[in-house]
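Breakdown of the fold
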Amino acid sequence: MKVLIVEDEKTLAYEMEAFLKKSFYQCDIALTFRAGLEQLELNNYDFILIDLSLPDGDGLEILKKAKINNPDAAYIIITARTNLKDRVSGLDLGADDYLPKPFYLLELQSRMQAIARRKFNISEELLSIGEFHINLPKRLVLFEQEQIELSRKEFDLFSYLLLHKNRVLTRGQLSEHIWGTFVKDDYDSNYIDAHIKNIRKKLNVWADTEWLETVRGVGYRIKK
């Protein structure tokens, strides 16, 4: 999943990035209000973490604008402000959670996982399609009780598609969320297609995968 960290405290921002990357999140950092808006114009995100007290603007304004372009993202307000009005305002604008500073990075991760379970309807962090199951924290793919060996990128692609089942994901979206970059040319597009082909090949050994659809000229979808 892709995360935007809008935080002006450099040390904290890079600590958050390093910690989340260990859990296989793709992270971008914006240290200012303006940089946060620029990132939101260029990219789509699954999580947006927003500090309210930025040197050149109010994080609540970023939240307002972000909700227009990224309505499906999850939003967590991160701030040292203790004003109840700010907290209520953020939640009224559509924030999913509010995390006061200082906080433990494990608490941030736990809250993100809780939000993901609610938004993606994940039960006990286990995703299923037919007899295939994905254990997200352990990064395992199983057919019934047998483990299937997928590469890191294959796992990321398969789990991301399954998190968004019934939704068509373009090659550009898959590239951005899994690799952190847009598809720039046919080479990158073919690279994604090659991974999908490998996923199908490995899963088809165990059972049919007609639910993993190619949407011609667009991208891919797992159709329940």
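Report follows, based on the coordinates. What you are looking at is a predicted structure, and each value in this text was computed from that prediction instead of being measured. (Residues numbered from 1 in each chain as written. Predicted model: local features only at pLDDT ≥ 70, side-chain atom pairs only at ≥ 80, totals over all residues. Heavy atoms only, no water.)

1. Describing the sheet that holds strand 6 (residues 74–79)
Across the sheet, which stays open at both edges, the five strands sit in the order 2-1-3-6-7 with parallel pairing between neighbours. Edge strands, defined here as strands with exactly one partner in the open sheet, are strand 2 (26–30) and strand 7 (97–100). With direction set aside, neighbouring strand axes in the sheet form an average angle of 20°. Relative to strand 7, strand 6 is paired through four bridges, and the arrangement is parallel. Each residue of the ladder has a partner; that of isoleucine 76, found in strand 7, is aspartate 97. Strand contacts of helix 1 (residues 10–22): strand 1 (2–6), strand 2, strand 3 (47–51) and strand 6, with the helix running at about 175° to strand 2, the strand carrying the most contacts. Each of strand 1, strand 2 and strand 3 is contacted by helix 2 (residues 33–42), which is oriented at about 140° to strand 2, the strand it contacts most. (Pairing = 2+ DSSP bridges. Helix = DSSP H or I, 4+ residues; strand = E, 2+ residues; numbered from the N terminus. Axes fitted to C-alpha atoms, helices over the stretch in contact; angles between N-to-C directions. Contact = heavy atoms within 4.5 Å.)

2. Looking at the packing of helix 2 against helix 3 (residues 59–69)
It is the contact of helix 2 with helix 3, at a shortest axis distance of 10 Å, that shows an interaxial angle of 10°. Taken together, the axes of helix 2 and helix 3 are roughly parallel relative to one another. For the pair helix 2 and helix 3, the contacting residues are Phe33, Gly36, Leu37 and Leu40 in the first and Glu61, Ile62, Lys65 and Ala66 in the second. Broken down by class, the residue content of the contact of helix 2 with helix 3 amounts to five nonpolar, one polar and two charged. (Parallel < 35°, antiparallel > 145°, perpendicular 65-115°, else oblique. Nonpolar A, V, L, I, M, F, W, Y, C, P; charged D, E, K, R; others polar.)

3. Describing the packing of aromatic side chains
Tallying each qualifying case throughout the model produces five aromatic pairs. Ring geometry for phenylalanine 143 versus tryptophan 206: centroids 5.8 Å apart, planes at 35°, classification tilted. Linking phenylalanine 143 in strand 10 (residues 140–143) with tryptophan 206 in the loop between helix 8 (186–204) and strand 13 (212–215), this pair joins segments that are 63 residues apart in sequence. Residue classification places tryptophan 206 among the partly exposed residues on the basis of a relative accessible area of 34%. (Phe/Tyr/Trp six-rings, centres within 6.5 Å; stacked < 30°, edge-to-face > 60°. Buried < 20%, exposed > 50% of the residue type's maximum accessible area, 1.4 Å probe, protein only.)

4. Examining the pairing of strand 6
Burial analysis of strand 6 places six of its six residues in the buried class, which makes it a mostly covered element. On strand 6, burial covers both faces: Ala74, Ile76 and Ile78 on one face and Tyr75, Ile77 and Thr79 on the other are all buried. Here strand 3 runs beside strand 6; their pairing, made up of five bridges, is parallel. Looking at strand 6, one finds that phenylalanine 47 is bridged to alanine 74.

5. Examining the nonpolar core
Of all hydrophobic cores here, the largest spans 48 residues; its most connected members are Leu49 and Phe158. Of the residues forming this core, the biggest block, seven residues, is contributed by helix 6 (residues 152–163). Counting residues domain by domain, this core receives three or more from each of domain 1 (2–120) and domain 2 (127–222). Membership of the second largest hydrophobic core comes to 20 residues, among which are Tyr45, Ile50, Leu60 and Leu63. (Core = buried A, V, L, I, M, F, W, Y, C linked by side-chain atoms within 4.5 Å. Domains from an automatic or database assignment.)

6. A few points about the environment of histidine 195
By the element assignment, histidine 195 lies in helix 8. Classification of histidine 195 as buried rests on a relative accessible area of 11%. In sequence terms histidine 195 and glutamate 154 are 41 residues apart; their C-alpha atoms lie 6.1 Å from each other.

7. Comments concerning the sheet that holds strand 8 (residues 126–129)
Read from one edge of the open sheet, four strands run 8-9-10-11, paired in antiparallel fashion. Strands with a single pairing partner mark the edges of an open sheet, and in this sheet they are strand 8 and strand 11 (146–148). Neighbour-to-neighbour, the strand axes of the sheet open up by a mean angle of 30°, direction not taken into account. As defined by bridge partners, strand 10 adjoins strand 11 across three bridges and the pair is classed as antiparallel. Directly across from leucine 142, in strand 11, lies its bridge partner glutamine 147.

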